[in-house]
Amino acid sequence: MGFMSVTAFLSMWISNTASTAMMIPIAQAVLEQLHKSEQDTSSVGHVAESINKAFELQEVPDKSDASQETQKQDNRHVLTVEEEEKLKDVKQLEEKHLTFCKGMSLSVCYSASIGGIATLTGTTPNLVLKGQMDQLFPTNNNVVNFASWFMFAFPTMLLLLAISWIWLQIMFLGFDFRKNFGCEGNASMKAKQKMAYRVIKDEHKKLGPMRFAEIAVTVLFFLLVVLWFTRDPGFIPGWATNVFNKNGESYVTDATVVIFISLLMFLIPSEIPTCLCHNRAQQAPQQDSTRQIPVLPALLDWTTVTQKMPWNIVILLGGGFALAKGSEESGLSEWLGSKLTPLQNISSPAIALLLCLLVATFTECTSNAATTTLFLPILASMAQAICLNPLYVMLPCTLSSSLAFMLPVATPPNAIAFSYGQLKVTDMAKAGCVLNLLGVLTIMLAINTWGYPLFDLNHFPVWANSTSAASCK
């Protein structure tokens, strides 16, 4: 649970690929150290047993030659049995270690995918939804923003993370929760816990103290989150409610905050500027030499941006928005929505459940960004045609596109975990199939409980009205 929580938190703010690539090696190092301590404990136990039996043999009184020969044969048989038991114990340790490694690898990659749904910028499908909403419904009054998304998706993420942890515990460690939680309190378990803590502590020491650049980026990160949350919380006026407004129209969005923080990273130096007085003291004896002021590099430069910026995601998002606009202008979205009008005879929760299952299945074969780009315009038109709040189907389907748990090719975190060679496709399929179903049910619970008051899903919104939905109320 510790690794899953940390990975999910990282995935809320950075890509799930980066968080998985960061956490998998740490988890593997801890598991290797635990396995090594188990092997040492097992070997010490076998040595102690051998010494005890040697003492027992020495205490046996003298016997005849025939009886001594029989005893030697018995000793050979005993040694053979001991070797077989030792090999059996070693095999059990290896199988236990492999099973534990499988569960840990899956827990890290799954938590990376789950953590991304908690924030609007956590994963690409969330941004696709935001862009499609602004493209298809320009007058939506910014109903989907960072704060509203977080209040809806963060509890969903926590619930899904707990469910996935319980399922992986049952699948790979069994139902003995007392043993799994380390409540037995034996010496070997405490030794393994100390060993794991020592490994994590050593890795933390290798990082050294925080440098000025790391502290500056941390401060900017917290400033970014605070500005996101307080811009337009919804239940109280935000800092952008009366600032940068004209005629009731706001010119500040979540993207404005991101650009502002990015500009600060181009301006703030990556090192503490040295004192000019110190430079004068050094240059005073050298009056003929030209005085030079060192130019410190900034926290971010354009070369790093061009190399590290995921331009393919930017092009994919732009292509999705162009596709949605083209479908709207050509009438394709309206035609597809009219063909789905028979769904109005089904209850709204059943419609959302069927669509979530469809999206969760489709995203196993294609990228989650492509899945949402393809489905969201169609779902929006369908919701308008049957007089259903578009967010009631678009929100759960967007979250369902992140439930890619069954195949290694479904998402990059799965591929990273699979590349370590401990997992089989069948292992991931067994764990992911059940988790997909549990994830869809969790999302349905969220949209039908706290999602209703957050987004006013009981009513068909005015901003979703069109010529085909003019009669909707």
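(A) Region of the structure containing the side chain of Thr373. Along the chain, Thr373 falls in helix α15 (residues 368-385). The class for Thr373 is buried, based on a relative accessible area of 8%. Of note is the side chain of Thr373, whose polar atom sits 2.7 Å from the backbone oxygen of Ala369.

(B) Region of the structure containing the packing of aromatic side chains. Overall, the coordinates contain ten aromatic pairs when judged by the stated rule. Summarising the aromatic geometry, the rings of Phe9 and Trp13 are spaced 6.4 Å apart at their centres and angled 70 degrees between planes, so their arrangement reads as edge-to-face. In this pair, Phe9 and Trp13 are both assigned in helix α1 (residues 2-13), four residues apart and thus about one turn of the helix distant. For Phe9, a relative accessible area of 46% translates into the label partly exposed. Ring centres of Tyr392 and Tyr452 lie 5.9 Å apart, and the angle between their planes is 65 degrees; on these two criteria the pair is classed as edge-to-face. Highlighted residues: Tyr392 in helix α16 (residues 390-400) and Tyr452 in helix α19 (residues 451-455), separated in sequence by 60 residues. Comparing Tyr392 with Tyr452 shows no difference in burial state: the two are buried. Through a chain of ring-to-ring contacts, three or more aromatic side chains come together here, namely Phe9, Trp13, Phe146, Phe221 and Phe222.

(C) Region of the structure containing a nonpolar patch on the surface. Taken together, the side chains of Ile259, Leu263, Phe266, Leu267, Trp302, Met309, Trp311, Val314 and Ile315 define a hydrophobic patch exposed on the protein surface, amounting to about 950 Å² of accessible area. Residue contributions to the nonpolar patch peak at four residues, all from helix α9 (residues 254-267). In this fold, Ile315 is placed in helix α12 (residues 311-330). Classification of Ile315 as exposed rests on a relative accessible area of 64%.

(D) Spotlight on the packing of helix α5 (residues 146-173) against helix α18 (residues 425-447). Where α5 contacts α18, the two axes come as close as 10 Å, and the packing angle between them is 150 degrees. The way α5 lies across α18 gives a crossing that is right-handed. Of α18, the residues touching α5 (which contributes Phe152, Thr156, Leu159, Leu160, Ile163, Ser164, Trp167, Leu168 and Met171) are Asp427, Lys430, Ala431, Val434, Leu435, Leu438, Gly439, Thr442, Ile443, Leu445, Ala446 and Ile447. Per-class residue counts for the contact of α5 with α18 are 15 nonpolar, four polar and two charged.

(E) Representation of the environment of Thr411 in the model. With respect to the secondary-structure elements, Thr411 resides in the loop between α16 and α17 (412-418). Sequence-wise, Thr411 and Cys365 are 46 residues apart; in three dimensions their C-alpha atoms are separated by 9.1 Å. What Thr411 contacts, discounting residues up to four positions off in sequence, is Asn16, Ser113 and Ala404.

(F) Molecular detail of the confidence of the model for the chain. Looking at the chain, pLDDT values average 77 and 75% of them are 70 or higher. Here helix α10 (residues 276-283) stands out as the element of the chain with the lowest mean pLDDT, 50, in contrast to α16, whose mean of 92 is the highest. With pLDDT under 50 throughout, residues 44-61 is counted as low confidence; its partners more than four residues away or in other chains account for nine contacts.

(G) Spotlight on the packing of α16 against α18. Where α16 contacts α18, the two axes come as close as 10 Å, and the packing angle between them is 150 degrees. Two packed elements cross with a definite hand, and for α16 against α18 that hand is right-handed. Of the residues in α18, those touching α16 at Leu391, Tyr392, Leu395, Pro396, Leu399 and Ser400 are Val440, Ile443 and Ile447. When the residues that make up the contact of α16 with α18 are grouped by side-chain class, the tally is eight nonpolar, one polar and no charged.

(H) Quick look at helix α14 (residues 348-362). Between the first and last C-alpha of α14 there are 21 Å, a value that for 15 residues agrees with the 21 Å anticipated at 1.5 Å per step. Among the residues making up α14, those that are buried are Ile351, Ala352, Leu355, Cys356, Val359 and Ala360. The buried residues of α14 occupy an angular sector of 155 degrees when the element is viewed end-on, so they sit on one face. As for α14, its buried residues are in contact with α15, α16 and α18.

(I) Just unusual backbone geometry, in detail. Even without being glycine, Cys387 reaches a positive phi, approximately 60 degrees. Mapped onto the secondary structure, Cys387 falls in the loop between α15 and α16. For Cys387, a relative accessible area of 36% gives the class partly exposed.

(J) Structural detail: the pattern of salt bridges. Under the counting rule described, the total for this entry stands at three salt bridges. Residue Lys130 pairs with Asp134 through a salt bridge whose shortest N-O separation is 3.8 Å. Of this pair, Lys130 and Asp134 both sit in helix α4 (residues 124-136), four residues apart, which is roughly one turn of that helix. By relative accessible area, Lys130 is classed as buried at 16%. A salt bridge links Arg211 to Glu214; the nearest nitrogen and oxygen atoms lie 3.6 Å apart. For Arg211, a relative accessible area of 57% corresponds to the exposed category. When its relative accessible area of 34% is taken as the criterion, Glu214 is described as partly exposed.

(K) Local environment of the state of the cysteines. For the structure on display, the rule yields zero disulfides. No disulfide involves Cys356; its nearest neighbouring cysteine sulfur is the one of Cys397, lying 4.4 Å away. A residue is classified by how much of its surface remains accessible, and Cys356, at 0% relative accessible area, is buried. Assessed through its relative accessible area of 2%, Cys397 is described here as buried.

How each quantity is defined
All residue numbers refer to position in the chain's written sequence, counted from 1. Since the coordinates come from a predicted model, pLDDT governs what is reported: local features require at least 70, and pairs of side-chain atoms require 80 or more to be given and counted, while whole-chain, interface and lining totals use all residues. Hydrogen atoms and water are omitted, and side-chain values are computed over all heavy atoms in the structure. Strands are runs of DSSP state E lasting at least 2 residues, helices are runs of H or I lasting at least 4, and numbering of each runs from the N terminus. The rule is simple: take the accessible area with a 1.4 Å probe, protein chains only, and divide by the maximum for that residue type; under 20% is buried, over 50% is exposed, in between is partly exposed. Here a polar contact is taken to be a pair of N or O atoms separated by no more than 3.5 Å, where protein atoms must pair a possible hydrogen donor with a possible acceptor and residues adjacent in sequence count only if both atoms sit in side chains. Only Phe, Tyr and Trp rings take part, Trp by its six-membered ring, and two of them pair if their centres are within 6.5 Å. Stacked means planes under 30 degrees apart, edge-to-face means over 60, and tilted covers everything else. Patch members must show over 30% relative accessible area and no salt bridge, and they are joined within 9 Å when carrying like charges or within 5 Å when they are nonpolar side chains of Val, Leu, Ile, Met, Phe, Trp or Tyr. Where accessible areas are quoted, they stem from the Shrake-Rupley method and a 1.4 Å probe; at the residue level, only the protein chains shown are allowed to cover. Basic side-chain nitrogens of Lys or Arg form a salt bridge, by our definition, when they fall within 4 Å of a carboxyl oxygen of Asp or Glu. Axis angles are defined between N-to-C directions and span 0 to 180 degrees, where every axis is a line fitted to C-alpha atoms and, for a helix, only to the segment in contact. Two helices crossing with the near one rotated counterclockwise from the far one by less than a right angle form a left-handed crossing, whereas a clockwise rotation gives a right-handed crossing. By the convention used here, residues are in contact when the closest approach between their heavy atoms is within 4.5 Å. In this classification, the charged set is Asp, Glu, Lys and Arg, the nonpolar set is Ala, Val, Leu, Ile, Met, Phe, Trp, Tyr, Cys and Pro, and all remaining amino acids, among them Gly, are polar. Predictor confidence is given residue by residue as pLDDT, running from a minimum of 0 to a maximum of 100. Any helix carries an expected span of 1.5 Å times its number of residues minus one. Throughout, the arc means the angular range of directions from the helix axis out to the C-beta atoms. The disulfide criterion is simple: two cysteine sulfur atoms within 2.5 Å.

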